[in-house]
Amino acid sequence: MSSSDILERPDVRDADTGSANEVFHYVRKNKIAESAVMGTMVEALCGEVFPVTKTPKPGSPVCPACKEVYNQLKKD
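Residues numbered from 1 in each chain as written. Predicted model: local features only at pLDDT ≥ 70, side-chain atom pairs only at ≥ 80, totals over all residues. Heavy atoms only, no water.

> What is the right way to look at the overall build of the protein in this model?
In terms of helices and strands, the protein carries 2 helices and 4 strands. Starting at the N terminus and ending at the C terminus, the protein contains elements arranged as β-β-α-β-β-α. Split into buried and exposed, the 76 residues of the protein put 30% on the buried side. Counting only contacts in the protein whose residues sit at least 6 apart along the sequence, the fraction spanning at least 24 positions is 46%. Accessible area of the protein: about 4900 Å², with a carbon and sulfur share of 51%. (Helix = DSSP H or I, 4+ residues; strand = E, 2+ residues; numbered from the N terminus. Buried < 20%, exposed > 50% of the residue type's maximum accessible area, 1.4 Å probe, protein only. Contact = heavy atoms within 4.5 Å. Areas by Shrake-Rupley, 256 points an atom, 1.4 Å probe, with all protein chains shown as cover.)

> Got a minute to help me understand the side chain of Ser-35 in this structure?
Following the sequence through the fold, Ser-35 ends up in helix H1 (residues 29–38). Note on Ser-35: relative accessible area 1%, which makes it buried. From its side chain, Ser-35 meets the backbone oxygen of Thr-40 in a polar contact 2.6 Å long. Residue contacts for Ser-35: discarding those within four places in its chain leaves Thr-40, Val-42, Phe-50, Pro-51 and Val-52. (Polar contact = N/O pair within 3.5 Å; in protein donor to acceptor, adjacent residues only side chain to side chain.)

> For this particular structure, what's the right way to read the pattern of salt bridges?
As a working rule, side chains carrying opposite charge can pair if their charged atoms are close by. Under the definition given, this model contains 1 salt bridge. With a closest N to O distance of 3.1 Å, Glu-22 and Lys-54 form a salt bridge. Highlighted residues: Glu-22 in the loop between strand E1 (11–12) and strand E2 (24–25) and Lys-54 in the loop between strand E4 (49–51) and helix H2 (64–75), separated in sequence by 32 residues. (Salt bridge = Lys/Arg side-chain N within 4 Å of Asp/Glu carboxyl O.)

> What is the right way to look at the side chain of Ser-60 in this model?
Topologically, Ser-60 is positioned in the loop between E4 and H2. Within the structure, Ser-60 has its side chain in polar contact with the backbone oxygen of Lys-57 (distance 2.5 Å).

> Mind showing me how you'd approach the state of the cysteines here?
Each disulfide is one covalent bond, formed between the sulfur atoms of two cysteines. By the definition in use, this model includes 0 disulfides. Just so you know, Cys-46 is unpaired, no disulfide at all, and the nearest cysteine sulfur is the one on Cys-66, 3.6 Å from it. Take Cys-46: its relative accessible area is 28%, and that puts it in the partly exposed class. (Disulfide = S-S within 2.5 Å.)

Now the structure itself:
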C-alpha cells in the first residue's frame, strides 16, 4: 500500500454516543465515494469497518491508531 492510496484527510464513522466522541478515520481514497453512495463498508487503517456517512471538517479529531499507521506508511 502506498501513501498515495490513502486519503490525506480522514473519513468518518458515526460515534455510538452522538458527536461527543466522534473521531475520523483514514481510509482508501477509491472506496469513499462507493461507500457514501452505495452504503458499502470501508476498512480504516486501524481496522475499524464502517460505512462512510460524513465528511470531516478541518481540525476534526483523527483516530490515533489510524494516524500512527499512516505515519508509519509515509516513512517507507
